[in-house]
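For reference, the chains in residue letters:
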Amino acid sequence: MLAVTGLTMRFGGLKAVDDLSLEARAGEITAVIGPNGAGKTTVFNCITGFYRPSEGGIALTHATGETFALDRMSGHRIASHAKVARTFQNIRLFAGMTVLENLLVAQHNALMRASGFTLLAVLGVSSYRASEARGLENARKWLDRIGLTDRADIPAGALPYGAQRRLEIARAMCIDPVLLCLDEPAAGLNPRETEGLNELLRSILAEGCALLLIEHDMGVVMRISDHIVVLDHGKKIADGTPAEIRADPAVIAAYLGEGDDDEDAA
């Protein structure tokens, strides 16, 4: 579904990502891991349009066969046309809006088109009312999926931290994404919340999308990932299943900070 080929991102003389190629497939969770500063978030920023890559290609293919060159698209078109959704390491909910309103605002573009950019809504045209009802039904579906139906009318900022994490993921899913990019979704969660997150992410695969995940919690990565890509200093050093990655000497060296001199001495 997602094919990244020869991706390079330079900031002046620094190569944050160096000739990276990876794939993410529909119905699978692909994790991108590596030590701090390895280039993981830069990769996400390139995929989601925050950065324009210095070199390389990023192609997303829908089930219909339509392909989008993400490296040539603006960020808002990547979200609205290519159907790529993203969450961030730091939660970015609309804290003053209710839980339900946060899910409805994710569907703003579709509702505005259906409203004829407010004219049809003012006239009460039936097609707009039907679209509005579908948006509300979709929001309620995700409230139920994340266990927040009884809190729909409270401000999102009043939710416990773990519930805010789930709400942010549900908000991203309200655009019916083909690719969902999650930046450290387990950060700050306790073990019970982490287990609930794992179950939610695996259940999302039934929606037919691909999940791309950055995560430092190796317990989460090894339990839920189908495929893992490991970066170190912007370069890919390993690519495989959780079992293959766990046993890879280059991965062990990167995480333990062992250098070539240590390996030669051994």
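Residues numbered from 1 in each chain as written. Predicted model: local features only at pLDDT ≥ 70, side-chain atom pairs only at ≥ 80, totals over all residues. Heavy atoms only, no water.

1. Some thoughts on the nonpolar core
Next, step 1: Within the largest apolar cluster, 44 residues are counted, with the highest numbers of intra-cluster contacts made by Leu167, Leu180, Leu201, Ile204 and Leu211.
Next, step 2: Once you skip the residues sitting within four places of it in the chain, Leu211 turns out to touch Glu28, Ile29, Thr30, Leu180, Leu182, Leu201, Ile204 and Leu205.
Next, step 3: Membership of the second largest hydrophobic core comes to 30 residues, among which are Val17, Ala24, Val178 and Ile214. (Core = buried A, V, L, I, M, F, W, Y, C linked by side-chain atoms within 4.5 Å. Buried < 20%, exposed > 50% of the residue type's maximum accessible area, 1.4 Å probe, protein only. Contact = heavy atoms within 4.5 Å.)

2. So, the pairing of strand β2 (residues 14-24)
Next, step 1: Sheet analysis places strand β1 (residues 2-11) next to β2, joined by seven bridges and oriented antiparallel. Counterpart to Val4 in the pairing with β2 is Leu22.
Next, step 2: The loop that links β1 with its antiparallel partner β2 comprises two residues; one of these, Gly12, has a positive phi angle of about 65°. (Pairing = 2+ DSSP bridges. Helix = DSSP H or I, 4+ residues; strand = E, 2+ residues; numbered from the N terminus.)

3. Focus: the pairing of strand β4 (residues 55-61)
Next, step 1: Here five bridges tie β1 to β4, and the two strands are oriented antiparallel to one another. By the bridge assignment for β4, Val4 is matched with Ile58.
Next, step 2: In textbook terms, the turn of a hairpin is the stretch between consecutive antiparallel strands, and for β4 and strand β5 (residues 67-69) this stretch comprises five residues, one of which, Gly65, has a positive phi near 100°.

4. Describing the packing of aromatic side chains
Next, step 1: Scanning the model with the defined rule gives two aromatic pairs in all.
Next, step 2: Ring centres of Phe11 and Tyr51 lie 5.3 Å apart, and the angle between their planes is 75°; this geometry places the pair in the edge-to-face category. Taken together, the residues Phe11 in strand β1 and Tyr51 in the loop between α1 (40-47) and β4 connect sequence positions 40 residues apart.
Next, step 3: Under the relative-accessibility criterion, Tyr51 is labelled partly exposed at 31%.
Next, step 4: Between Phe50 and Phe88, the aromatic rings sit 5.8 Å apart at their centres with planes inclined by 80°, giving edge-to-face as the arrangement. Of this pair, Phe50 sits in the loop between α1 and β4 while Phe88 sits in the loop between β6 (84-87) and α3 (99-105); the two residues are 38 residues apart in sequence, bridging distant segments of the chain.
Next, step 5: The lysine or arginine in question, Arg86, covers the ring of Phe50, its NZ or CZ lying 5.1 Å from the ring centre.
Next, step 6: Directly above the aromatic system of Phe88 lies the positively charged group of Arg92, at a separation of 3.9 Å from the ring centroid. (Phe/Tyr/Trp six-rings, centres within 6.5 Å; stacked < 30°, edge-to-face > 60°. Lys NZ or Arg CZ within 6 Å of the ring centre and 35° of its normal.)

5. Observations regarding α1
Next, step 1: In terms of residue burial, α1 counts as a mostly covered element, since seven of its eight residues are buried.
Next, step 2: Among the residues making up α1, those that are buried are Lys40, Thr42, Val43, Phe44, Asn45, Cys46 and Ile47.

6. What about the sheet that holds β1?
Next, step 1: One open sheet accounts for four strands, arranged β2-β1-β4-β5; its pairing is antiparallel. In the strand order of this sheet, the two ends are held by β2 and β5, each with one partner. With strand direction ignored, the average angle separating the axes of adjacent strands in the sheet is 20°.
Next, step 2: Helix-sheet contacts for α1 involve β1, β2 and β4, and the interaxial angle to β1 is about 115°. (Axes fitted to C-alpha atoms, helices over the stretch in contact; angles between N-to-C directions.)

7. Some thoughts on the sheet that holds strand β7 (residues 179-183)
Next, step 1: Spatial ordering of the open sheet is given by β6-β7-β8-β3-β9-β10, a layout of six strands whose pairing is mixed. Taken across any chain shown, the strands that pair with only one partner, and hence form the sheet edges, are β6 and β10 (235-240). For this sheet, the mean inter-axis angle between neighbouring strands, taken without regard to orientation, is 15°.
Next, step 2: Strand direction decides the pairing type here: strand β9 (residues 227-232) and β10, joined by five bridges, are antiparallel. Looking across to β10, one finds that Val230 is bridged to Ala238.

8. Here we look at the side chain of Arg171
Next, step 1: Structurally, Arg171 is set in helix α7 (residues 161-173).
Next, step 2: Sequence-distant contacts of Arg171, that is, excluding residues within four places in its chain, are made with Arg92, Leu93, Phe94, Asn102, Leu103 and Ala106.

9. Thoughts on the pattern of salt bridges
Next, step 1: In the structure shown here, the tally under the stated rule is eleven salt bridges.
Next, step 2: For Arg25, the salt bridge is made with Glu28, and the minimal N-O distance between the two is 3.2 Å.
Next, step 3: Overlapping salt bridges bring together Lys15, Asp18 and Lys235 as one network. (Salt bridge = Lys/Arg side-chain N within 4 Å of Asp/Glu carboxyl O.)

10. A short note on unusual backbone geometry
Next, step 1: With phi around 65°, Lys83 is a residue other than glycine that occupies positive phi space.
Next, step 2: Considering the arrangement of structural elements, one finds Lys83 in the loop between α2 (75-80) and β6.
Next, step 3: Since its relative accessible area comes to 26%, Lys83 is described here as partly exposed.
Next, step 4: A positive phi angle is found at Glu184, which is not glycine, with a value near 50°.

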